[in-house]
Amino acid sequence: MRSAFPRTALLSASRASRFLPAHRPARLYSIKAEAASHSKQRPLDASRLTIEKTKKPKPLSKPENLVFGKEFTDHMLAIEWTKEDGWLEPRITPYQNLSLDPATCVFHYAFECFEGMKAYRDKNGDIRLFRPDKNMARLNKSAARIALPTFEPTALIELIAKLTKLDARFIPAHRGYSLYLRPTLIGTQSTLGVGAPGSALLFVIASPVGPYYPTGFKAVSLEATNYAVRAWPGGVGDKKLGANYAPCIVPQQEAASRGFQQNLWLFGEEEYVTEVGTMNMFAVLKDKATGQKELVTAPLDGTILEGVTRDSVLHLARERLAPEGWKISERKFTMRELAEASKEGRLLEAFGAGTAAIVSPIRKISWKGELVDCGLKETEESGEIAAKVKEWMEAIQYGDVEHEWSVKV
């Protein structure tokens, strides 16, 4: 089988140099996502794509047996980049292992970023991507922040669409199911020197998925976490880097050992609410003086991931709730504010929002030895707004309503 990937552990030094050139200082990349379009290097070109179809198609699992991120489709997309040549020919090949030199910089200095996006099958059998332009913009920002090459967004969307279409049989024709797409960019230069990588690999794999939580659309309980910090001002918490995720696992395990599904990440002495697990956090509050209802989430201050779902929720809320008198806010709010609102009956509900789960209602938050009630009755699994948001989002994602965010493949 012809490999799509760097095989530096298997190739001769002369052949391997095509993938991992000798280390040279690479130019610094602008944080602006469009930096690649101004480069003299070869741009990412979807018209150069070659496709090698698998000779051993995988059997399809029953939708109800799918576990998030455990199974993968027949094919994958890969594009190499070098400092000298820019982006090489895109290739779709059978799904296969990568082969990398043990000194490859991604292993030692975490030159890695990724995206999470989904493809959906609508009632007519058509395949749709949800807001892929937002994912491409964020991936470019992440790449530029860690000195990896940027790319032409429309070209990568076209390539992802071709991969999705090729493996469309893996997308279950059931509501709540989709094809999770994972674009990933890694530095592949073989060196222990610390510097901008002279070569990189952009690849996309796909996984058929069902509901993120096996228990279904049910409210979760959180542990407010102030002994560990997910992100900080001036850091990279607003970028989707693999290095942001591993340090969160131990606190999550500790929360789970005490009976909580996720962490609610707090920041600073003020204990500002930031994110919940790997999702953005929303709360529905009632103003003490006026009674006005407010949908609030933390601002994009550099410590919050620019969630595509977050942006979608805010946009839809401003479009559909604001005309009814709601206040839609991106502002700092504290755990103390939530606790006080809960005691006064003004915390009506809370939920997390992200690509994997879309919406995850929150029942209680453990904070300073007490349980903060998030407004749900014992018999309820979701608040009114969380349920509405989920309904609005899925109607667009599954093509029930035509919307510019839903892109047919």
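Residues numbered from 1 in each chain as written. Predicted model: local features only at pLDDT ≥ 70, side-chain atom pairs only at ≥ 80, totals over all residues. Heavy atoms only, no water.

**Side note on the pairing of strand 6 (residues 117-121)**
With four of five residues buried, strand 6 is to be regarded as a mostly interior element. In this structure, strand 6 lies alongside strand 8 (residues 178-187), joined through three bridges in antiparallel fashion. By the bridge assignment, Met117 is partnered in strand 8 with Leu181. When strand 6 meets strand 7 (residues 127-130), the two strands line up antiparallel, connected through three bridges. The partner of Tyr120 across the bridge, within strand 7, is Arg128. (Buried < 20%, exposed > 50% of the residue type's maximum accessible area, 1.4 Å probe, protein only. Helix = DSSP H or I, 4+ residues; strand = E, 2+ residues; numbered from the N terminus. Pairing = 2+ DSSP bridges.)

**Some words on the UniProt feature "modified residue: N6-(pyridoxal phosphate)lysine" (unreviewed entry) in the chain**
Those places that UniProt annotates as "modified residue: N6-(pyridoxal phosphate)lysine" (unreviewed entry) correspond, in this numbering, to Lys240. Relative to the helices and strands, Lys240 is located in the loop between strand 10 (220-225) and helix 5 (249-257). (UniProt positions renumbered as here; feature names shortened; annotations may be inferred.)

**Here we look at the packing of aromatic side chains**
Throughout the structure, instances matching the rule amount to seven aromatic pairs. Plain terms: the ring middles of Tyr120 and Tyr398 are 4.9 Å apart, the flat faces sit at 75° to each other, and that makes the pair edge-to-face. Here Tyr398 lies in the loop between helix 8 (384-397) and strand 19 (406-408) and Tyr120 lies in strand 6, a separation of 278 residues in the sequence. For the pair formed by Tyr120 and Tyr398, the shared burial category is buried. Measuring from centroid to centroid gives 5.3 Å for Phe282 and Phe351, while their planes differ by 10°, and the two rings are stacked. Placement of the pair is Phe282 in strand 13 (residues 279-286) and Phe351 in strand 16 (residues 347-354), with a sequence separation of 69 residues. Linked through ring pairs, Phe68, Tyr180 and Tyr212 together constitute an aromatic cluster. The cationic tip of Lys390 hangs over the ring face of Phe217; the distance from NZ or CZ to the ring centre is 5.1 Å. (Phe/Tyr/Trp six-rings, centres within 6.5 Å; stacked < 30°, edge-to-face > 60°. Lys NZ or Arg CZ within 6 Å of the ring centre and 35° of its normal.)

**A short note on the packing of helix 6 (residues 308-320) against helix 8**
Contact geometry for helix 6 and helix 8: axes closest at 11 Å, N-to-C directions at 105°. Accordingly, the angle class assigned to the pair helix 6 and helix 8 is roughly perpendicular. For the pair helix 6 and helix 8, the contacting residues are Thr309, Ser312, Val313, Leu316 and Arg320 in the first and Val389, Trp392, Met393 and Ile396 in the second. Tallied by class, residues from the contact of helix 6 with helix 8 come to six nonpolar, two polar and one charged. (Axes fitted to C-alpha atoms, helices over the stretch in contact; angles between N-to-C directions. Parallel < 35°, antiparallel > 145°, perpendicular 65-115°, else oblique. Contact = heavy atoms within 4.5 Å. Nonpolar A, V, L, I, M, F, W, Y, C, P; charged D, E, K, R; others polar.)

**Re the environment of Ala395**
Among the structural elements, Ala395 can be located in helix 8. Spatially, the C-alpha atoms of Ala395 and Ser406 are 9.9 Å apart, while their sequence positions differ by 11 residues. Ignoring sequence-local partners within four residues, the contact set of Ala395 consists of Arg175, Asp400 and Val401.

**Examining the pattern of salt bridges**
Applying the stated criterion across every chain, the model contains 28 salt bridges. Two residues, Arg258 and Glu223, come together in a salt bridge whose shortest N-O distance is 2.6 Å. With Arg258 in the loop between helix 5 and strand 11 (262-267) and Glu223 in strand 10, the pair connects residues that are 35 residues apart, well separated along the chain. Salt-bridge contacts for Arg230 lead to Glu275; the nearest nitrogen and oxygen are separated by 3.4 Å. One end of the pair, Arg230, is in the loop between strand 10 and helix 5; the other, Glu275, is in strand 12 (residues 272-276), and 45 residues separate them in sequence. Judged by its relative accessible area of 2%, Glu275 is buried. (Salt bridge = Lys/Arg side-chain N within 4 Å of Asp/Glu carboxyl O.)

**Examining unusual backbone geometry**
The residue Arg131 is not glycine, and still its phi comes out positive at about 50°. Locating Arg131 in the fold gives a position in the loop between strand 7 and helix 3 (132-145). With relative accessibility at 9%, the residue Arg131 sits in the buried group. One non-glycine residue with positive phi stands out, namely Ala147, at about 60°. We classify Ala147 as buried; its relative accessible area is 15%.

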